[in-house]
Amino acid sequence: MNKLGLISALLMIALLAACGGGMGTQTQPPPPPPPVLATVTVNSATSRPFDLAMSTSFQPAEWDYQFFQQFPGATAPLGALNPSHIRLQGISQGIPQGAQGTSSTAWDFTVLDGITQPVLGLGDHSPEFQIAKAPAFDYVSDDDTKFFNDPNYAQFAAYAQNLVRYYNTGGFTPSGGSLLVSPAYPTDKITWWGIYNEPSINNFNNYQVADAVNAANYTTMYNAVVPAMHSVDGNIKFVALEMCCGSEDWVPVFASNVTAPVDAVATHYYSSCNQRDPDAQVMGTVPSFVNSVQSIYFSLAANPALANVPVWITENNVNADFNAGNGMSACNSGQTFVTDLRGSDAFFAAWRPYVFSQVGKAGVQLLYHWDFDADAQFGELNGATGQTQLSYWVDYWLGQMFPPGSGARLLNFTNTNNAEVEVLPVINPDGSVVVLVSNHAIASAVDNNGKGLDGSVTVNLSGLGTFTTASLVTIDSTTSPINGPTPVAISPTSPITLTLNGYSSALLKLK
């Protein structure tokens, strides 16, 4: 070959290589991962009742108390959730005594009632008011690591009594002031009262003593405050502990020493406190919620008076981290806070139904979203725009398909893929059947808010006889966060095959 021919040949090889051709082996993209497969067979045998109500939460404080003034239409989607005992957790200036100072006679309900008054008239008209903290003057200093300056808790009990008077018995008149009474009285009152928020990390967390001592101090406070409140209104009920952070070891101490009435015991569960945690780690925490609930019930049963007390999960979401100021993470020192979008996107559409099914089977009777009006990490509605987020529709449809007090019973079933597909089948007294399927399969161990794996789940209901109608609600990445999913009619003939698009959930209802 002459020199010109050699040059031409080399140019041709280079051109072919640049165009993806040539004599070398072409690099092919990897094939898509195979879909998740599961076969679910439901039979007619039932095990026990399934009665898990859904609810949501508010945190009245100076940063959000004008939410309903800015978005008066938000009462409609809130009411549509049919929430049970909406939770109110007033903090900072949402604490009405001493909100503008430390004087024990300084009362201002403006911030607290900016949220509380609209909520009183919604849902079951029976919110849970969590007395999250005492007024600032009741502590050595107003810091979560400081302790009450009144070891008998008489000041805190007096504060709690006035809250009951304000909402339930026609008000009270502070020294040198005029009558203070809830605008909703006597139409709407507050029956349920939660006694303190996360005491294991707030004001009862003395690291110089054993956890049992801290738990005993909380119990002493509970035994002082609850009878004082009951003396004002004998019809009110009480939610104890409001635990977080693996503090189940407080329950045996509390159960052994409590003398005041207990109508529910509350706990909080988040799957992460770091947006960097991969999807697999976040999903992997859900079974631990069940272990915790079982531990709580076991400890309560040691006291016959508490054997039938229900467990409520009064805070629940994907990630507990928040902006502690200056854009820094509250949970991870020196790390910039990053909003965890898994709290309101398709990841949530798989995660929350998975949680709902697991804790409901464990006997939890009330599951709260934290919280209603917030950002893309926490909110059901966007607190800045008033628009619904995907998380809202997940909670809405769980409440629609599994209404509390319906008399539903769990149906026995088999599932060939329990590791990646959660299944919850119930039968109602009218013979209708609801089946929840959550596809929480992880595509890669390193995924962080990945897509998940597509799934194909076959549901065999032939053991239940025949049905005349069936509808399907699917929630996934294609669901409109504004309009939500649209139920579609499907053939009721068994088996029914569900095609699931990555992280997602499907709700079947057959009649």
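You'll find the structure just up there.
A brief structural summary. (Residues numbered from 1 in each chain as written. Predicted model: local features only at pLDDT ≥ 70, side-chain atom pairs only at ≥ 80, totals over all residues. Heavy atoms only, no water.)

A few points about the overall build of the chain
Scanning the chain from N- to C-terminus turns up 11 helices and 19 strands. In terms of overall dimensions, the chain has a C-alpha envelope of 110 × 65 × 45 Å along the principal axes. Burial statistics for the chain: of 511 residues in total, 53% are counted as buried. A fraction of 75% describes how many contacts in the chain between residues 6 or more apart in sequence connect residues 24 or more apart. Carbon together with sulfur atoms contributes 55% to the accessible area of the chain, which is approximately 21,000 Å² in total. Separation between the mean location of the 16 positive side-chain charges and that of the 37 negative ones in the chain comes to 7 Å. (Helix = DSSP H or I, 4+ residues; strand = E, 2+ residues; numbered from the N terminus. Buried < 20%, exposed > 50% of the residue type's maximum accessible area, 1.4 Å probe, protein only. Contact = heavy atoms within 4.5 Å. Areas by Shrake-Rupley, 256 points an atom, 1.4 Å probe, with all protein chains shown as cover. Lys, Arg positive; Asp, Glu negative; His and termini not counted. Charge placed at Lys NZ, Arg CZ, Asp CG, Glu CD.)

Observations regarding helix α9 (residues 286–301)
Side chains three or four residues apart in an α-helix point the same way, a direct result of the helix having 3.6 residues per turn. For α9, built from 16 residues, the straight-helix expectation of 22 Å at 1.5 Å per residue is met to within 8% by its first-to-last C-alpha distance of 23 Å. Looking at α9, one finds that the buried residues are V286, F289, V290, S292, V293, I296, S299 and L300. Packed against the buried residues of α9 are β6 (237–243), α7 (250–257), β7 (264–272), α8 (279–283), β8 (311–319) and α10 (346–361). (Expected span 1.5 Å × (residues − 1).)

Regarding the packing of aromatic side chains
In total, this model carries 39 aromatic pairs according to the counting rule given. Taking the centre distance of 4.8 Å and the plane angle of 70 degrees together, the rings of W107 and F172 count as edge-to-face. You can see W107 sitting in the loop between β3 (87–89) and α4 (110–120) and its partner F172 sitting in the loop between α5 (154–168) and β5 (192–195), a full 65 residues away along the chain. With 4.9 Å between their ring centres and 50 degrees between their planes, Y139 and F148 make a pair best called tilted. By relative accessible area, F148 is classed as buried at 11%. The ring of Y139 has K133 lying over it, and the distance from NZ or CZ to the ring centre is 5.1 Å. Of note, R342 hangs over the ring of F347, and the distance from its end group to the ring centre comes to 5.6 Å. (Phe/Tyr/Trp six-rings, centres within 6.5 Å; stacked < 30°, edge-to-face > 60°. Lys NZ or Arg CZ within 6 Å of the ring centre and 35° of its normal.)

What to know about the side chain of S504
Take S504: it is sitting in strand β19 (residues 504–510). The exposure class of S504 is buried, given its relative accessible area of 0%. A polar atom in the side chain of S504 sits 2.8 Å from the backbone oxygen of G502. Setting aside anything within four residues of it in sequence, one finds S504 in contact with A346, A349, A350, V437, S438, N439, I475 and D476. (Polar contact = N/O pair within 3.5 Å; in protein donor to acceptor, adjacent residues only side chain to side chain.)

Some remarks on the side chain of N319
Structurally, N319 is set in strand β8. Engagement of the side chain of N319 in a polar contact is seen with the backbone nitrogen of D321, the distance being 2.8 Å. At 3.0 Å, the side chain of N319 forms a polar contact with the side chain of D340. Among residues more than four places away in sequence, those in contact with N319 are Y270, S272, C273, N274, Q275, D340, Q377 and F378.

Notes on the state of the cysteines
Applying the stated rule across the entire model yields two disulfides. Each disulfide pairs two cysteine sulfurs, and for C244 the partner residue is C245, the sulfurs being separated by 2.4 Å. Measuring the twist about the S-S bond at about -85 degrees, one finds the C244-C245 disulfide to be left-handed. A relative accessible area of 5% places C244 in the buried class. (Disulfide = S-S within 2.5 Å.)

A closer look at the nonpolar core
Within the largest apolar cluster, 110 residues are counted, with the highest numbers of intra-cluster contacts made by W193, Y218, Y222, M229, W351, F356 and F402. For this core, the leading source of residues is α10, giving 10 residues. Dropping the residues within four chain positions of it, W351 is found in contact with S271, V282, M283, V286, F289, N316, N317 and V318. Judged by nonpolar contacts, the second largest core, of 25 residues, contains V423, V457, F467 and L472. (Core = buried A, V, L, I, M, F, W, Y, C linked by side-chain atoms within 4.5 Å.)

Observations regarding α10
The first and last C-alpha atoms of α10 sit 23 Å apart over 16 residues, in line with the 22 Å expected at 1.5 Å per residue. Taking burial as the measure, the 16 residues of α10 include 15 buried ones, the bulk of the element.

Section: the sheet that holds strand β1 (residues 36–49)
One open sheet accounts for nine strands, arranged β17-β16-β19-β14-β13-β12-β1-β15-β18; its pairing is mixed. Each end of this open sheet is capped by a strand with a single partner; those strands are β17 (488–490) and β18 (496–500). Direction aside, the axes of adjacent strands within the sheet are offset by 25 degrees on average. Pairing between strand β15 (residues 455–460) and β18: five bridges, direction antiparallel. Across the sheet, the residue bridging to V459 is I496, located in β18. Sheet strands in contact with α10 are β1, β12 (409–415), β13 (421–427), β14 (433–439), β16 (470–475) and β19, and its direction is about 55 degrees off that of β13. Across the face of the sheet, helix α11 (residues 390–401) comes into contact with β14, β16 and β19 while running at roughly 155 degrees to β16. (Pairing = 2+ DSSP bridges. Axes fitted to C-alpha atoms, helices over the stretch in contact; angles between N-to-C directions.)

What to know about the packing of α7 against α9
It is at 8 Å that the axes of α7 and α9 come closest, and there the two elements cross at 25 degrees. As the angle between them shows, α7 and α9 are arranged roughly parallel. For the crossing formed where α7 meets α9, the hand is right-handed. Every residue of α9 that contacts α7 at V251, P252 and A255 is listed here: I296, S299 and L300. Each residue belonging to the contact of α7 with α9 can be placed in one class, and the counts come to five nonpolar, one polar and no charged. (Parallel < 35°, antiparallel > 145°, perpendicular 65-115°, else oblique. Left-handed = near helix turned anticlockwise from the far one by under 90°. Nonpolar A, V, L, I, M, F, W, Y, C, P; charged D, E, K, R; others polar.)

Thoughts on the sheet that holds β6
As a general point, the strands of a sheet are linked pairwise by backbone hydrogen bonds and lie either parallel or antiparallel. Within the closed barrel, the eight strands sit side by side as β2-β3-β4-β5-β6-β7-β8-β9. Their pairing is parallel. When the angles between neighbouring strand axes are averaged without regard to direction, this sheet yields 30 degrees. Each of β4 (128–131) and β5 touches α5; the most contacted strand, β4, lies at about 155 degrees to it.

Here we look at the pairing of β8
Of all nine residues that make up β8, nine are buried, and the element is covered over most of its length. Bridge analysis of β7 against β8 gives seven bridges, and the strand direction is parallel. Residue pairing for β8: Y269 is matched across the bridge by N316. Across two bridges, β8 lies against strand β9 (residues 366–369) in parallel orientation. For W312, the partnering residue across the bridge sits in β9 and is L366.

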